[in-house]
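Coordinates in review
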Amino acid sequence: MSKFHAPTVNIPEGNWLLSQRMLKDAFNGTVLWDFSGEQVPELMGLSADQVAGKIHYFAINEQFHAVISNVTVNDWIYDDWNLDGWVGFNFTLNGEQATILDGQKQIDLAGPRMVVSAKSKDASMTKCFKPNQELMQLNVIVKPELLEQEFGYSEEDMPEYLREACAGEEHRVYVGERPLSVDMSRATEQLFNKQLDGKP
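Residues numbered from 1 in each chain as written. Predicted model: local features only at pLDDT ≥ 70, side-chain atom pairs only at ≥ 80, totals over all residues. Heavy atoms only, no water.

**Thoughts on the overall build of the protein**
Short version of the rule: Counting from the N terminus, the helices are DSSP H or I runs at least four residues long and the strands are E runs at least two residues long. Relative accessibility under 20% of the residue-type maximum defines a buried residue, over 50% an exposed one, and the middle range a partly exposed one, all with a 1.4 Å probe and only protein chains included. By the convention used here, residues are in contact when the closest approach between their heavy atoms is within 4.5 Å.
Scanning the protein from N- to C-terminus turns up four helices and 13 strands. The buried share of the protein, taken over its 200 residues, is 46%. Long-range pairs, those at least 24 residues apart, make up 72% of the contacts in the protein with a sequence separation of at least 6.

Now the structure itself:
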């Protein structure tokens, strides 16, 4: 059971990392952002002062995106997860984050863990990554219809709030979490090993 509490992280104003913009930039294929070299990319307010390492984006098609983050977090990172109409599957091998829903509730998550999340358009979800940590995380972002087409997982199979968030019902946010299984950990580690080898 997910444990929510009143927010303890103060989210500042500023040019946060925006998931929707980043996926749009990566839409035509594979993009690798390397924050460890001399030429540091500009990435929606994310700088080398905040993070060191690599973020690898894969746009498989219009309904399926994947993001591998293998970084050292030096300062707070805020991600406005504004991907309404999508379902996010987060596989964290290592690292901590606080997710704040509508500025009213917070859930603290730490790897190794899998998190499923979705929201409707009028709701807000901000992921806050704590400083001074190693973050190894795979995010898979899909359209709900892909789950049924490829895996036979229909909306009727979804938990109520996840189904309602995907359907765009008013003010719906869903966050479900569980520890990573051995198989999920092994598969995630294999993807990280490919990233370290420079393979897509």
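Here the narrative resumes.
**A short note on unusual backbone geometry**
For the peptide bond that leads from G111 to P112, omega is 0°, which places it in the cis range. Relative to the helices and strands, P112 resides in the loop between β9 (105–110) and β10 (113–119). Despite not being glycine, N132 shows a phi value in the positive range, around 60°. In this fold, N132 is placed in the loop between β11 (125–129) and β12 (133–142). Residue N132 is classed as exposed on the basis of its relative accessible area, which comes to 71%.

**Quick look at the environment of K143**
Note on placement: K143 falls in the loop between β12 and α2 (144–151). Along the chain, K143 and F64 lie 79 residues apart, while their C-alpha atoms are 6.9 Å from each other.

**Looking at the side chain of K127**
Spelled out, the test is: Counted as positive: Lys and Arg. Counted as negative: Asp and Glu. His and the chain ends are not counted at all. For this document, the term salt bridge refers to a Lys or Arg side-chain nitrogen within 4 Å of an Asp or Glu carboxyl oxygen.
Take K127: it is sitting in strand β11. Despite being buried, K127 has no salt bridge partner; D79 is the closest side chain of opposite charge, sitting 5.7 Å away. Residues in contact with K127, not counting those within four places in the same chain, are I77, Y78, D79, W81, Q97, A98, T99, S117 and N139.

**Digging into a negative patch on the surface**
For clarity, the threshold we go by: Patch criteria: residues need more than 30% relative accessible area and no salt bridge. Like-charged residues are merged within 9 Å; nonpolar side chains of Val, Leu, Ile, Met, Phe, Trp and Tyr are merged within 5 Å. Where accessible areas are quoted, they stem from the Shrake-Rupley method and a 1.4 Å probe; at the residue level, only the protein chains shown are allowed to cover. By convention, the point assigned to a charge is CZ for Arg, NZ for Lys, CD for Glu and CG for Asp.
Side chains of E145, E148, E155, E156 and D157 sit close together on the surface and give a patch of like negative charge. With respect to the helices, strands and loops of the structure, E148 is situated in helix α2. With relative accessibility at 47%, the residue E148 sits in the partly exposed group.

**Thoughts on the side chain of Q97**
Using the following cut-off: Nitrogen and oxygen atoms within 3.5 Å of one another constitute a polar contact, given that in protein one can donate a hydrogen and the other can accept it, and given that sequence-neighbouring residues count only through two side-chain atoms.
Within the element layout of this structure, Q97 appears in strand β8 (residues 96–101). Reaching out from Q97, the side chain makes a polar contact with the side chain of T99 at a distance of 3.0 Å. Within the structure, the side chain of Q97 is placed 3.2 Å from the side chain of Q137, a separation counted as a polar contact. For Q97, the residues in contact, after removing those within four places along its chain, are N90, I107, D108, L109, K127, C128, F129 and Q137.

**Details of α2**
The test is simple: The directions considered for the arc run from the helix axis to the C-beta atoms.
If you check which residues of α2 are buried, you get P144, L146 and L147. Taken around the axis of α2, the buried residues stretch over an arc of 155°, which confines them to a single face. Looking at the buried side of α2, the elements it contacts are β5 (64–73), β7 (87–94), β12 and α3 (160–166). Two residues or fewer past α2, G152 is found with a positive phi of approximately 70°.

**A short note on the pattern of salt bridges**
Inspection of the entire model under this criterion finds four salt bridges. Of the charged contacts, one joins K130 and E96 as a salt bridge, the two residues approaching to 3.6 Å between their closest N and O atoms. With K130 in the loop between β11 and β12 and E96 in strand β8, this pair connects stretches of sequence that are 34 residues apart. A relative accessible area of 26% places K130 in the partly exposed class. Taking the shortest distance from any N to any O, the salt bridge between E164 and R172 comes out at 2.5 Å.

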